[in-house]
Each structure stands twice: as structure tokens, then as C-alpha cells.
Amino acid sequence: MEEPVVIGKDKFKISDDETARRELRIVKVSDDVIQVQEEVHGIIALVGASSSVNIKKEELKNLIKVAREEFGWTDICE
């Protein structure tokens with residue numbers, strides 16, 4: 001697989017003295033499949049945790065369609 005492309009980074013407060021880091025990445029698995037990876041580091045994950053999902057090209061098109069039509073995200077894929 002190729003190196004992931006980072007599409008989002010943020011930090012969020014867990015408690016008064018603990019902040020967690022989150023990173024969202026996308027990597028191409030094959031010509032018609034991408035993998036979305038979310039990695040979280042902080043006390044909730046102890047040493048870190050990650051999750052991923054494979055998305056087919058047609059599924060992504062449907063996801064974008066739903067996001068635009070149902071959620072009103074009209075600025076997607078401009």
C-alpha cells in the first residue's frame with residue numbers, strides 16, 4: 001500500500017490535564033478501493049488506537065451524494 005494522505009488533525013480535551021490527538025488519513029488500497037484510517041492517541045487509547053474502513057469507488061460516490069443531498073454539504077467535490 002501507498003503512504004497515507006493526512007486529511008485531518010485535531011486535539012480534544014479529555015479532562016482538565018489530558019488532551020488526546022486525532023489524525024484522519026486516507027490510503028489507496030487498489031484502483032477502486034480506499035481505506036480511511038482514524039488514529040487516536042491519549043489516555044483513552046493508552047498507547048494509541050486505530051480503526052479503518054475500506055470504501056469502494058461507487059460507495060464513495062454514494063457517500064458524497066448522501067452528504068450533499070441529505071446533509072446539505074454542497075461544498076463537497078467542487
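In what follows, the structure referred to is the one given above.
Residues numbered from 1 in each chain as written. Predicted model: local features only at pLDDT ≥ 70, side-chain atom pairs only at ≥ 80, totals over all residues. Heavy atoms only, no water.

**Student:** Got a sec to walk through the pairing of strand β1 (residues 5-15)? Specific residues and values, please.
**Tutor:** Bridge count for β1 against strand β2 (residues 18-30) is nine bridges, and the pairing is antiparallel. Among the inter-strand pairings, Phe12 is bridged to a residue of β2, identified as Ala20. The turn linking β1 back onto β2 is made up of two residues. (Pairing = 2+ DSSP bridges. Helix = DSSP H or I, 4+ residues; strand = E, 2+ residues; numbered from the N terminus.)

**Student:** With reference to specific residues and values, describe the packing of aromatic side chains.
**Tutor:** By the definition in use, this model includes one aromatic pair. With 6.1 Å between their ring centres and 55° between their planes, Phe71 and Trp73 make a pair best called tilted. Judged by relative accessible area, Phe71 falls into the exposed class, the value being 54%. Relative accessible area serves as the criterion here: at 48%, Trp73 is assigned to the partly exposed category. (Phe/Tyr/Trp six-rings, centres within 6.5 Å; stacked < 30°, edge-to-face > 60°. Buried < 20%, exposed > 50% of the residue type's maximum accessible area, 1.4 Å probe, protein only.)

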